[in-house]
Structures are given as C-alpha cells and as structure tokens.
Amino acid sequence: MNIRMRMTCVATVATLALAGCASTSPGYGSGYGNTAPAPAGGRCYDCGTVVAIETAATSDGQTNVAGPVLGGIVGAVAAKELARRNTDSEGRRNVAIAAGAAGGAVAGNAIQNRVEGGRSGYTVHVRMDDGRTTAVHQADLGGIREGSYVRVQNGRAWVY
C-alpha cells in the first residue's frame, strides 16, 4: 500500500474518531417540559422570576489544558512512528508529526470537554417570591428565559 493510501486511511480514522467525540446538540431542550410538582399549599417557597441568565464557560475558572497537551503528545508520537515507517522524506515526516500533534490536541480537548461536561453551562439568577435572590448553575436552560416563572429545586431551575 502506498503512502497516500495510508495517509488517507489515517485521516479517515482520525476524522471518524473526532466525529465520535462531537456532540449532536449543545444540550438545549433536554429538560424542556419537566416542571416541578405544584406546591401543596397556596404559597411556593421555592418559586420566583428569572432576572438574568449568564453563559458560564467554566464554573471554577480553570482553563482546559491537560486534554489538548496530552492529546497533542500522543498524536505527535503516533504520527512520528507512522511516518518513520512509511516515508523517507524528512519534510513529509515533519508535516505528519505536526498534523498528528494538531489532531491529537483537538481530540484531547474534545475528550476532556466530554468528560468534564458539567463544567460549562448557564448561571440562572432568580428573584424569589419572598424577595430573596439565588443563582443556580446548570448545563441547559430547558426552556427558561429571562422573565420566566421558575421553581428552584435540587440545585436547578425548572419552568413552573
């Protein structure tokens, strides 16, 4: 098998691997329609109006570094090994190593984001009926918008 065919196969496998890491949707609507049960009494202690929604990249402010770095190292090593066996051109080896490192970094980032999926999402600020304010962090909005009447239950806001 010639080098072009092998590189095409490697590129196809890498594309399929990255496609497997991709999400089909950003999480919108996964909680849509889930409403909390009506309170037994006439007053709802946990209910209020959404006053603001913030998009939160991470809940703890840390950057996502370990996945891309480790993925880049693994990708570069794998590409170097493949290129060492399949070509005698130094330029092609260097290109293969750079492409392997870039592909590995992208894959490592996607894998880390998938594993730590709970870190990104939304911070929903709610003014409760009794005047208190609270904020909850959740992965999806589930149909919530500013001005929505919600119930805060189990660390999450639900459309009420």
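The present account deals with the structure reproduced in this document. Throughout, a residue's number is its position along its own chain's written sequence, starting from 1. Whole-chain, interface and lining totals are the exception, using all residues; otherwise, since this is a predicted model, local features are given only for residues with pLDDT of at least 70 and side-chain atom pairs are given and counted only at 80 or more. Side-chain metrics rest on all non-hydrogen atoms present in the structure, leaving aside hydrogens and water.

1. Quick notes on the state of the cysteines
Cysteine sulfurs are considered disulfide-paired once they come within 2.5 Å of each other. Summed over the entire model, instances satisfying the criterion amount to 1 disulfide. For C44, the disulfide goes to C47, at an S-S distance of 1.8 Å. In this structure, the disulfide formed by C44 and C47 twists by about 70 degrees around the S-S bond and is classed as right-handed. Partly exposed describes any residue whose relative accessible area lies between the buried limit of under 20% and the exposed limit of over 50%, with all areas from a 1.4 Å probe on protein chains only and scaled to the type maximum. Exposure remark for C47: the relative accessible area of 0% places this residue in the buried category.

2. A few points about the environment of A76
Where helices and strands are cited, they refer to DSSP runs of H or I of at least four residues and of E of at least two residues respectively, numbered from the N terminus. Tracing the backbone shows A76 in helix α2 (residues 66-86). When the C-alpha atoms of A76 and G104 are compared, they prove to be 7.3 Å apart, with 28 residues separating the residues in sequence. By the convention used here, residues are in contact when the closest approach between their heavy atoms is within 4.5 Å. Excluding anything up to four places from it in sequence, A76 contacts I97, G100 and A101.

3. What to know about the packing of aromatic side chains
Side-chain rings of Phe, Tyr and Trp, where Trp is taken by its six-membered ring, are said to pair if the distance between their centres is within 6.5 Å; with planes under 30 degrees apart they count as stacked, over 60 as edge-to-face, and otherwise as tilted. Considering all chains together, one arrives at 1 aromatic pair under this definition. Of note, R132 hangs over the ring of Y45, and the distance from its end group to the ring centre comes to 4.3 Å. Here R156 stacks its cationic end above the ring of W158, 4.5 Å away from the centre of that ring. As a reminder, the over-ring test applies to NZ of lysine and CZ of arginine, requiring each to be within 6 Å of the ring centre and within 35 degrees of the ring normal.

Interpretation note: all reported values are geometric properties and have no functional meaning in isolation.
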